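What follows is the residue order along each chain.
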Amino acid sequence: PEGMSCQDLAAALALNDSEIVKVLFMKGIAITVNQTLDEDTVKLVCKEFEVEVVEAGTIRVEDLAKKSNTFIDDEDLEHLESRPPVVTIMGHVDHGKTSLLDFIRKTKVAAGEAGGITQGIGAYSVDVTVEGEVHPCVFLDTPGHEAFSAMRARGARVTDIAVVVVAADDGVRPQTLEAIAHAKAADVPIVIAINKIDKDGANADVVMQELSSHGLMPEEWGGDIPMVKVSAKKGTGVDSLLENVVLVAELQELSANPERTAKGTVIEASLDKARGPLATLLVQNGTLRKGDIVLCGETYGKVRALMDHTGARVDEARPSAAVQILGLNEVPVAGDEFEIFDSLDVARSKAQEHAEVMRQSRLAAQAGEGKVTLHSFA
Ligand code: GTP
Ligand code: MG
């Protein structure tokens, strides 16, 4: 085994390239993201993220539990309350992810919200009603184009359930497999939506066969993967899909502690010319409030405003909520985790520390030095 590239490893672990660079740098190994890592280095990284290396080339993240539980501390255990599932829609380009989410939103978004959906924030709260019972869910849309692999990896990493959309007239394609690989790497349960069943030439059986040949056995055939035939265009099967999502979510008994300060992940970030850096944060534990001092990677600031998925200002965001915030000093890196600090000075110095580590690691890697020591930036 000749090892693997930093980028492939990042994808397999559903991490950012920069997180791998950083972890290795902290161990005194300077690399660039384009570099191939030998087997020992791969193992070192995997150990650091508590991932079991099964065999060369195959990596299994034993614990999404671990990953998402990094957001839950022992002190939270007494205050846990159930939280909505975060559901990421994934799949190959043009297989109908956004159409499916559009249909779900149009028919399921609470009355009064439908008109005001903000574009650009790919996160939506939807109340799903199953047998008269209301189940709040948070849906994340992801792009299917091959260029957006990192965004899909990020989606898989923050999600509780992956809905993988496969067009029944096109079948299993490269980004279908990639989405499945990301979901498996993060140990996230998969629900398959076999879409476009209204089209001539749609063949759901072929899709199911292809998926089973890749290790996903449909429930219908005695396996454990729910596969629901849908048409995002006509709405056929969407209720059944949502029922399956709610069922899978209930088995997970998702919970968080809304009483603590917020922790979570940056899922999108951009620069708004008028308003400054904008970041969409997924709150994975605690409650985020206006006025909180946030640190995300190399950026920090006091939350000036929170906007929900309709663009409406809100005062707080509870566990599983995705909100856009204003108030950061710079645009953060999507995929970075965020946390709250009491003092702006502490947040600033942590941000600077992080920036310095990243800068030194880039410099050291550029200089072609095999190793650097922690002294070099002390
Ligand atoms: P990317 O975000 O670019 O990866 O695409 P996507 O997966 O979000 O696909 P999108 O929802 O944009 O749909 C792609 C095309 O397929 C559009 O022209 C849709 O109208 C069409 N489409 C989506 N779902 C259905 C369906 O159920 N039936 C039919 N006939 N067309 C559909
Ligand atoms: Mg789309």
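Structural data are supplied above this passage.
Residues numbered from 1 in each chain as written. Chains lettered and ligands numbered in written order. Predicted model: local features only at pLDDT ≥ 70, side-chain atom pairs only at ≥ 80, totals over all residues. Heavy atoms only, no water.

Caption draft 1: Looking closely at the pairing of strand β20 (residues 322-328). The buried count for β20 comes to seven of seven residues, which makes it a mostly enclosed element. Pairing between strand β14 (residues 276-285) and β20: five bridges, direction antiparallel. In the sheet register, Ala279 faces β20, and the bridge partner there is Ile325. The pairing of strand β17 (residues 299-307) with β20 spans four bridges and is classified as antiparallel. What sits directly across from Leu306, in β20, is Ile325. (Buried < 20%, exposed > 50% of the residue type's maximum accessible area, 1.4 Å probe, protein only. Helix = DSSP H or I, 4+ residues; strand = E, 2+ residues; numbered from the N terminus. Pairing = 2+ DSSP bridges.)

Caption draft 2: Spotlight on the environment of Phe25. Structurally, Phe25 can be placed in helix α2 (residues 17-26). As a C-alpha pair, Phe25 and Gln360 span 335 residues in sequence and 8.8 Å in three-dimensional space.

Caption draft 3: Looking closely at the environment of Gln352. As for its placement among the helices and strands, Gln352 is situated in helix α10 (residues 344-366). Taking the C-alpha atoms as reference points, Gln352 and Glu298, separated by 54 residues in sequence, lie 6.4 Å from one another.

Caption draft 4: Looking closely at the packing of aromatic side chains. By the definition in use, this model includes zero aromatic pairs. The ring of Tyr124 is capped by Arg105, whose NZ or CZ atom sits 4.0 Å from the centre of that ring. (Phe/Tyr/Trp six-rings, centres within 6.5 Å; stacked < 30°, edge-to-face > 60°. Lys NZ or Arg CZ within 6 Å of the ring centre and 35° of its normal.)

Caption draft 5: View of the site of ligand 1. The immediate surroundings of ligand 1 are formed by 17 residues, with Lys97, Thr98, Ser99, Gly144 and Asp198 found nearest. Between Asn195 and ligand 1, the recorded distance is 3.1 Å, taken from a side-chain N or O atom to an oxygen atom. Lys196 is positioned with one of its side-chain polar atoms (N or O) 2.9 Å from an oxygen atom of ligand 1. Here ligand 1 has 650 Å² of accessible area as a free molecule, and 71% of this is covered by the chains. The greatest single-element share of the shell around ligand 1, amounting to three residues, is contributed by helix α5 (residues 97-108). Here the shell around ligand 1 is composed, by residue class, of three nonpolar, eight polar and six charged. (Near = heavy atom within 4 Å. Polar contact = N/O pair within 3.5 Å; in protein donor to acceptor, adjacent residues only side chain to side chain. Areas by Shrake-Rupley, 256 points an atom, 1.4 Å probe, with all protein chains shown as cover. Nonpolar A, V, L, I, M, F, W, Y, C, P; charged D, E, K, R; others polar.)

Caption draft 6: Geometry of α10. An ideal rise of 1.5 Å per residue puts 33 Å on 23 residues; α10 measures up with 33 Å between its terminal C-alpha atoms. Within α10 the residues assigned to the buried category are Ala347, Ala351, His354, Val357, Met358, Gln360, Ser361, Ala364 and Ala365. Along its buried surface, α10 packs onto α2, β16 (293-296), β17 and β21 (337-341). The N-capping residue of α10, defined by a side-chain oxygen 3.2 Å from the backbone nitrogen of Asp345, is Ser343. (Expected span 1.5 Å × (residues − 1). Contact = heavy atoms within 4.5 Å.)

Caption draft 7: How the structure looks around helix α7 (residues 174-185). Relative to the 16 Å expected for twelve residues at 1.5 Å per residue, α7 spans 16 Å between its end C-alpha atoms, a close match to the ideal helical length. Within α7 the residues assigned to the buried category are Gln175, Thr176, Glu178, Ala179, Ile180, His182, Ala183 and Ala185. Tucked into the core, α7 has its buried residues touching α1 (6-12), β6 (86-91), α6 (149-158), β9 (161-167), β10 (190-195) and α8 (204-213).

Caption draft 8: Spotlight on the sheet that holds strand β11 (residues 227-229). Taking strand neighbours across the sheet as the criterion, the six strands line up as β7-β8-β6-β9-β10-β11 in an open arrangement whose pairing is mixed. Of all the strands in the sheet, the pair left with one neighbour each is β7 (123-130) and β11. Across the sheet, the mean angle from the axis of one strand to that of its neighbour is 30 degrees, orientation sign disregarded. Judged from the four bridges that link them, β6 and strand β8 (residues 133-141) form a sheet pairing that is parallel. The residue bridging Thr88 from the neighbouring strand is Leu140, located in β8. (Axes fitted to C-alpha atoms, helices over the stretch in contact; angles between N-to-C directions.)

Caption draft 9: Expanded view of the packing of α2 against helix α3 (residues 39-48). Where α2 meets α3, the axes come as close as 10 Å, and the angle between the chain directions of the two elements is 100 degrees. Compared by their axis directions, α2 and α3 come out roughly perpendicular. Along its contact with α2, which presents Ile20, Val23 and Leu24, the element α3 presents Thr41, Leu44, Val45 and Glu48. Here the contact of α2 with α3 is composed, by residue class, of five nonpolar, one polar and one charged. (Parallel < 35°, antiparallel > 145°, perpendicular 65-115°, else oblique.)

Caption draft 10: Structural context of the nonpolar core. By size, the foremost hydrophobic cluster in this structure holds 27 residues, and its most contacted members are Leu100, Val128, Phe139 and Val163. It is helix α9 (residues 238-252) that provides the largest number of residues to this core, a total of seven residues. Apart from the residues within four sequence positions on either side, Phe139 is in contact with Val87, Ile89, Leu101, Ile104, Gly122, Ala123, Tyr124, Val126, Val128 and Leu242. Ranked by size, the runner-up nonpolar core spans 22 residues in total, among them Met90, Val188, Leu211 and Leu216. (Core = buried A, V, L, I, M, F, W, Y, C linked by side-chain atoms within 4.5 Å.)

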